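# Survey of secondary and tertiary structure
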Amino acid sequence: MRNLLSMNELSTTEIKNIIKRAIEIKNGDYKPFQEKKFVANLFLENSTRTKLSFEMAERKLGIESIPFDAMGSSLSKGESLYDTCKTLESIGCDALVIRHPDDAYYESLEGLNIPIINGGDGSGSHPTQSLLDLMTIYETFGTFDLDIVICGDIRHSRVAKSNFQALTKLGSRVKFVAPEVYQYEHEDYSYVNFDDVISSVDVVMLLRVQHERHDNVMSDVIDEYNSRYGLNETRYNKLKDNAIIMHPAPVNRDVEISSELVERDKSVIFKQMENGVYTRMSVLELILGRE
Ligand code: CP
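Computed from a predicted structure; not experimentally measured.

To continue, consider the domain arrangement of the chain. By the assigned domains, the chain splits into domain 1 (7-124 + 274-288) and domain 2 (127-270). Placing a centre on the C-alpha atoms of domain 1 and another on those of domain 2 gives a separation of 26 Å. Of all the elements in the fold, those that place two or more residues in the side of domain 1 that touches domain 2 are α1 (12-26), α2 (49-60), β4 (116-121) and α9 (269-288). Looking at side-chain class alone, the side of domain 1 that touches domain 2 contains seven nonpolar, 13 polar and four charged residues.

Membership of the largest hydrophobic core comes to 76 residues, with the highest contact counts inside it found for Ile150, Cys151, Val203, Val204 and Met205. With seven residues, the top contributor of residues to this core is α9. Domain assignment of the residues forming this core places at least three in each of domain 1 (7-124 + 274-288) and domain 2 (127-270). Setting aside residues no more than four positions away along its own chain, Ile150 makes contact with Ala160, Asn163, Val174, Phe176, Met205 and Leu207.

Attention shifts here to the site of the ligand. As a structural note, the neighbourhood of the ligand is formed by Ser47, Thr48, Arg49, Thr50, Gly120, Gln129, Pro248, Ala249 and Pro250. Grouping the constituent residues of the shell around the ligand by class yields three nonpolar, five polar and one charged. Both domain 1 (7-124 + 274-288) and domain 2 (127-270) contribute no fewer than three residues apiece to the shell around the ligand.

Rules used throughout
Residues numbered from 1 in each chain as written. Predicted model: local features only at pLDDT ≥ 70, side-chain atom pairs only at ≥ 80, totals over all residues. Domains from an automatic or database assignment. Helix = DSSP H or I, 4+ residues; strand = E, 2+ residues; numbered from the N terminus. Nonpolar A, V, L, I, M, F, W, Y, C, P; charged D, E, K, R; others polar. Core = buried A, V, L, I, M, F, W, Y, C linked by C-beta atoms within 7 Å. Buried ≥ 20, exposed ≤ 12 C-beta atoms within 10 Å, placed from the backbone. Contact = placed C-beta atoms within 7 Å. Near = placed C-beta within 6 Å.

Here it is as structure tokens:
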């Protein structure tokens, strides 16, 4: 695999192989690269989990992370993303992890001779989040033959789009819950009432209300969000015994999910973060060439 830009470009076999390898890595079956590898993590949009779990994955694999501070770089003087990445290619980086606020920013990087791993592009794709979500689902159920509801700010969510692409390809039945202002119009997206599906789904995937991508018009929706669209104690008690709750985080506690449910038995939110390291190690091995 040369780049990882979106889930669309991965076959079901490739997805399953990345997950299988991530589970092997989680079980301790990995070795640091013997030959020196250098990866730069360019985060032009804020991040805690993706940035730090890539750094953790790189350190566990013996990869040197080249620090990159967007504000202190020549991007702030107007240098293009292409010229910045070409510079990192020229000084000897082996791969770049990039998060960028623009959808499909990577289209401007065609012609570079360095692998790109997409750490999230605007409202477009978040492939490594999707892969860690898939790993967590597969670890729990051993199958993707599942009923899944994705609930929240679908319109602005790259996680919803990546997971819909991947989960439907793998055989899951995916439905969405969202207030009208957060719905993303797509012929294959089916919107349902949360209370109509809460007792029959295997996975409840909650998404963050992305205040930073909204204008003020959205603020009136927030007031009623938890009661209509959030996971609260009443809905939690209706879940199937073996259902799980997921959220890519960061979580708006008491908006998408009542605060006391974040670490409740059915929540795998922190397991998702743990699995993010193993998934990213699996992807880095694939991109850089496993020895
Ligand atoms: N889930 C996720 O992408 O979190 P960060 O924005 O903290 O990386």
